[in-house]
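An overview of the molecular structure
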Amino acid sequence: MKGYHDLGGTPAGPINREDKELALWEKRVEALLVILSRKGMLRIDENRRALESLGAEVYLGSSYAERRIMAMADNLILKGVISVDELTAKLADIERRPEQLP
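Below or above, wherever it landed, is the structure these notes cover. (Residues numbered from 1 in each chain as written. Predicted model: local features only at pLDDT ≥ 70, side-chain atom pairs only at ≥ 80, totals over all residues. Heavy atoms only, no water.)

Attention now goes to the pattern of salt bridges. Taken as a whole and assessed by the stated rule, the structure comprises 10 salt bridges. The salt bridge partner of Arg43 is Asp45, with a shortest N-O separation of 3.2 Å. On the accessibility criterion, Asp45 (45% relative accessible area) is partly exposed. Residues Glu46 and Arg43 are paired through a salt bridge, measuring 3.8 Å at the closest nitrogen-oxygen approach. The exposure class assigned to Glu46 is buried, which follows from its relative accessible area of 15%. It is possible to trace a salt-bridge network through shared partners that takes in Arg43, Asp45, Glu46 and Lys79. (Salt bridge = Lys/Arg side-chain N within 4 Å of Asp/Glu carboxyl O. Buried < 20%, exposed > 50% of the residue type's maximum accessible area, 1.4 Å probe, protein only.)

Moving on: the nonpolar core. In terms of nonpolar packing, the biggest core is built from six residues, these being Val29, Leu33, Leu36, Leu42, Met72 and Leu76. Counting only elements with at least two residues in this core, the list comes to α1 (24–38) and α4 (64–78). In terms of residue count, the dominant contributor to this core is α1 (three residues). Each residue touching Leu33, except ones within four places of it in the same chain, is listed here: Leu42, Asn47, Arg68 and Met72. (Core = buried A, V, L, I, M, F, W, Y, C linked by side-chain atoms within 4.5 Å. Helix = DSSP H or I, 4+ residues; strand = E, 2+ residues; numbered from the N terminus. Contact = heavy atoms within 4.5 Å.)

Okay, here's the thing in structure tokens:
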């Protein structure tokens, strides 16, 4: 049985092959994943498990970068690197900033 994340072979129409410039936050998500992987704090199999555990609604309703940051956060919380309270406080701090990143 295929999971909701396994879209191979599913009719999806034409593929948009235009290059899309990533937003700064999307680039930072990728950089953070590379750093955490190189430091041995996250492994590919852990990240994949977290991505595949997001649930169909979240997975299919989120962008690539959004899914990756949620998976990273889940893994870092599970490993005790950061707590839910710490993450919540940091996100609230970011929301209070007068200037948001592009």
